[in-house]
Amino acid sequence: MTDAALSVTQRAAEQFSERYLKTVGCEVDKDGSQWNVTVPEDAETGVATGDLTLVCSTDPDEVGDDEALNPESSFFHSLLDEAAERWPTGKIAITAADTEITLPPWIVNSEASVESANFTPYYNRTALVVLFRVNIETVSDYQTELLRASAVDTHSEEILPELAETVLEHIDPETTIDRTPARVSSEDVRQLVGSVRTDVVSDVEPKIDEIHEAASRSADAEIEEYRQLQQQRIEELEEEKQNLERRIDDLSDAIEANKGQVDRTEALKKRRDLRSELEEIETALDDLQQRRERGFPSKQHEIRDRHALEVVVEPVTLTEVAYERGEIELKLTNQRHTKTLTLGYGSGAGVTEELDCDRCGTHLSEENPLQMKDGRVWCSKCGGSGSSI
């Protein structure tokens, strides 16, 4: 998965469901992964009134006859659709006091320890967190519904995956969400949603490729099965043709040998009927053989059309997030040495700028984390293991 978008987690699905059910007047009594939900008659929801048991699991055996509650379950999506219809937008504020310091993976995965981390906010910024539903389906067999969230700064259009994760994972059911419309203009929202949609599509491409490959394999199998059936039909027609030809030859011999008028007339009529039947079989056989030589293009087109993927990416909800931008000062230690880094940072968004290796200029990353050597920042490929300040 790229850094551009984040899957809706089980925890986020549970937090949203609990919040929404309570908001519309339901009672939720949680017992581990099993939720007993009471939906009163005056509840402002389309969920059927009465008692309902939800099981927070993706395992059908564990769910049994109850309702599954997970990011892909139909019940969760019905709640999401209902909430999105009522409150498609919302606002929340995330400050440094609401969130813990988030370190980038190129520090977490390094040999250095963080002795201190101090965030100094300089100004407030606004971001949009957009929740997208991604439908991947074929006409017949496949249907996959994914939920992906992506965050973008409304001023710089910088993608902020950490902020999307914060909104998904760290906003508990008691967090206050302002339901008034977003302050960002409709035109800007359309542009920003378009930019993050591109990243979401890029994020789900591996899943699309996986389903496409499965669909292609199914189409290939169906085409091969059709080809084998047609080959079997060709062999049957060839056998019928040979039998007819033999019978016609036998009748011709009989006609030549028989001098009786009645029997000769009857044989001639029968030979004429058999020749007509042979002509029909030869036409059908010729047609099948020609289509086989061309690879049955019409049938292949029909089958591949049926297995072709349709991917629809649509925004479901939009949350306007106020957050703080500033700088974070990180004091790193490695053995007896220390080094201080000052980096751009956002509350809930984490470190907002990349850091390059002083030696090769490569961006530090989770796979190529920081090394400290001779008072400089190196990547692990340049610093190697056991390096020091």
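Placed above this text is the structure.
Reading the values: rules and limits
- Residues numbered from 1 in each chain as written.
- Predicted model: local features only at pLDDT ≥ 70, side-chain atom pairs only at ≥ 80, totals over all residues.
- Heavy atoms only, no water.
- Axes fitted to C-alpha atoms, helices over the stretch in contact; angles between N-to-C directions.
- Helix = DSSP H or I, 4+ residues; strand = E, 2+ residues; numbered from the N terminus.
- Parallel < 35°, antiparallel > 145°, perpendicular 65-115°, else oblique.
- Left-handed = near helix turned anticlockwise from the far one by under 90°.
- Contact = heavy atoms within 4.5 Å.
- Phe/Tyr/Trp six-rings, centres within 6.5 Å; stacked < 30°, edge-to-face > 60°.
- Buried < 20%, exposed > 50% of the residue type's maximum accessible area, 1.4 Å probe, protein only.
- Expected span 1.5 Å × (residues − 1).
- Salt bridge = Lys/Arg side-chain N within 4 Å of Asp/Glu carboxyl O.

K.L.:
So what's going on with the packing of helix α1 (residues 10-23) against helix α3 (residues 74-86)? Which residues, and what values?
P.N.:
Contact pair α1 / α3: the axes reach a minimum separation of 10 Å and the direction vectors enclose 55°. The angle between α1 and α3 places the two elements in the oblique class. Crossing geometry of α1 relative to α3 is assigned as left-handed. Of the residues in α3, those in contact with A13, F16, S17, Y20 and L21 of α1 are F76, L79, L80, E82, A83 and R86.

K.L.:
Describe the packing of aromatic side chains, naming the residues involved and giving the relevant values.
P.N.:
On inspection of all chains with the given rule, the structure shows four aromatic pairs. Measuring from ring centre to ring centre gives 5.7 Å for F16 and F76, while their planes differ by 90°; the resulting arrangement is edge-to-face. Here F16, found in helix α1, pairs with F76, found in helix α3; they are 60 residues apart in sequence, far enough to count as distant. On the basis of relative accessibility, which here comes to 3%, the residue F76 falls in the buried class.

K.L.:
Give me the lowdown on helix α7 (residues 261-293), citing residues and values where you can.
P.N.:
The end-to-end C-alpha separation of α7 is 47 Å, in line with the 48 Å expected for 33 residues at 1.5 Å each. All of the buried residues along α7 are A267, R271, L274, L278, I281, L285 and L288. Buried residues along α7 sit against α6 (186-257). Count one or two residues on from α7 and you reach G295, which has phi positive near 85°.

K.L.:
Give a description of the pattern of salt bridges that names residues and reports values.
P.N.:
Overall, the coordinates contain 19 salt bridges when judged by the stated rule. Between K30 and E18 there is a salt bridge, with the nearest N and O atoms lying 3.1 Å from each other. Note that K30 is positioned in strand β2 (residues 27-31) and E18 in helix α1, a separation of twelve residues in sequence. What makes E18 buried here is its relative accessible area of 11%. Between R133 and E145 there is a salt bridge, and its shortest N-O distance comes to 3.9 Å. Taken together, the residues R133 in strand β7 (residues 113-137) and E145 in strand β8 (residues 143-153) connect sequence positions twelve residues apart. The exposure class of E145 is partly exposed, given its relative accessible area of 24%. Three or more residues joined by partner-sharing salt bridges are found here, namely D81, R133, E145 and E314.

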